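Residues per chain, in single letters:
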Amino acid sequence: MEKTVILGLGNLLYGDEGFGVRLAQHLYAHWDFPPGVSVVDGGTQGQTLLTFVEEADSLLVLDAVDFGLEEGELTLREEVPAYITAQKVGPHQNSFSEVLGLAALRGALPRRCALLGVQPTVMTLGAHCSPAVEQALPKATDQALALLRRWGIEPVRRARPRHLSAPVLAQL
């Protein structure tokens, strides 16, 4: 079975830097995906994401990226550029481009790889998501779903949103 990974990158504590995670959470909450499709909150995990990259036949990366665009402007790249993260949160964090480099060295890059990014505005500790990036989320959702459909994946809208931890908490 072909494996597709939708990978949200970023840090919610740094305003717009959390865009990729926020979008991944939204997709997970509101859409069901067929078997073989995983939505992953990659956060700022660095090299631990290598497993997800290497197991994917198709990889959709969601992230805040500084391409010098207008605030909140989206970009969809069918090839993930060599450097995609807007900033490193700490001096020991590996950038995702290093993860892709390791996968390439190991001969395990996904067959298809795309980046859906937003031009960040505010990326400081404790900041909220900027209005421009917040307003880009619905369009980003549409673009992510359209790309997945081009890849032959048919997401189905959920009648009710789900949240990862809710069933676990209900059992406690």
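My aim in this report is to walk through the structure given alongside it, one point at a time. (Residues numbered from 1 in each chain as written. Predicted model: local features only at pLDDT ≥ 70, side-chain atom pairs only at ≥ 80, totals over all residues. Heavy atoms only, no water.)

Further remarks concern the nonpolar core. Counting 26 residues, the largest nonpolar core has Ile-6, Phe-19, Leu-23, Leu-27, Phe-33, Leu-60 and Leu-62 as its most contacted members. Elements with a minimum of two residues in this core: helix 1 (19-30), strand 4 (58-64), strand 6 (112-118) and helix 4 (131-150). A total of eight residues in this core trace back to one element, the largest contributor, which is helix 4. Other than its neighbours up to four places away in sequence, Phe-19 contacts Asp-63, Ala-64, Leu-74, Leu-116, Gly-117, Val-118, Val-133, Leu-137 and Ala-140. If you look at the next biggest cluster of nonpolar residues, it comprises 18 residues, including Val-40, Val-80, Leu-100 and Cys-113. (Core = buried A, V, L, I, M, F, W, Y, C linked by side-chain atoms within 4.5 Å. Buried < 20%, exposed > 50% of the residue type's maximum accessible area, 1.4 Å probe, protein only. Helix = DSSP H or I, 4+ residues; strand = E, 2+ residues; numbered from the N terminus. Contact = heavy atoms within 4.5 Å.)

For the coordinates displayed, the defined rule picks out zero aromatic pairs. A cation sits over an aromatic face here: Arg-77 above Phe-67, 4.0 Å from the ring centre. It is Arg-162 that lies over the ring of Tyr-28; its NZ or CZ is 4.1 Å from the centre. (Phe/Tyr/Trp six-rings, centres within 6.5 Å; stacked < 30°, edge-to-face > 60°. Lys NZ or Arg CZ within 6 Å of the ring centre and 35° of its normal.)

With six of its seven residues buried, strand 6 lies for the most part within the structure. As judged from the seven bridges shared by strand 4 and strand 6, these two strands associate in the parallel manner. Looking at strand 6, one finds that Ala-64 is bridged to Val-118. In this structure, strand 5 (residues 74-77) lies alongside strand 6, joined through four bridges in antiparallel fashion. Along strand 6, the bridge assignment pairs Leu-76 with Leu-116. (Pairing = 2+ DSSP bridges.)

Turning next to the pattern of salt bridges. Pairing between side chains of opposite charge can happen when their charged atoms approach one another. In this structure the tally under the stated criterion is eight salt bridges. When the shortest N-O distance is used, the salt bridge between Glu-2 and Arg-111 registers 2.8 Å. Of this pair, Glu-2 sits in the segment before strand 1 (4-9) while Arg-111 sits in the loop between helix 3 (96-105) and strand 6, and the two are 109 residues apart along the sequence. Glu-2 gets classed as partly exposed once you look at its relative accessible area, which sits at 38%. For the salt bridge of Arg-149 with Glu-154, the shortest nitrogen-to-oxygen distance reads 3.8 Å. For Arg-149, a relative accessible area of 36% translates into the label partly exposed. Shared partners join several salt bridges into a network, and the residues in it are Glu-2, Arg-111 and Arg-112. (Salt bridge = Lys/Arg side-chain N within 4 Å of Asp/Glu carboxyl O.)

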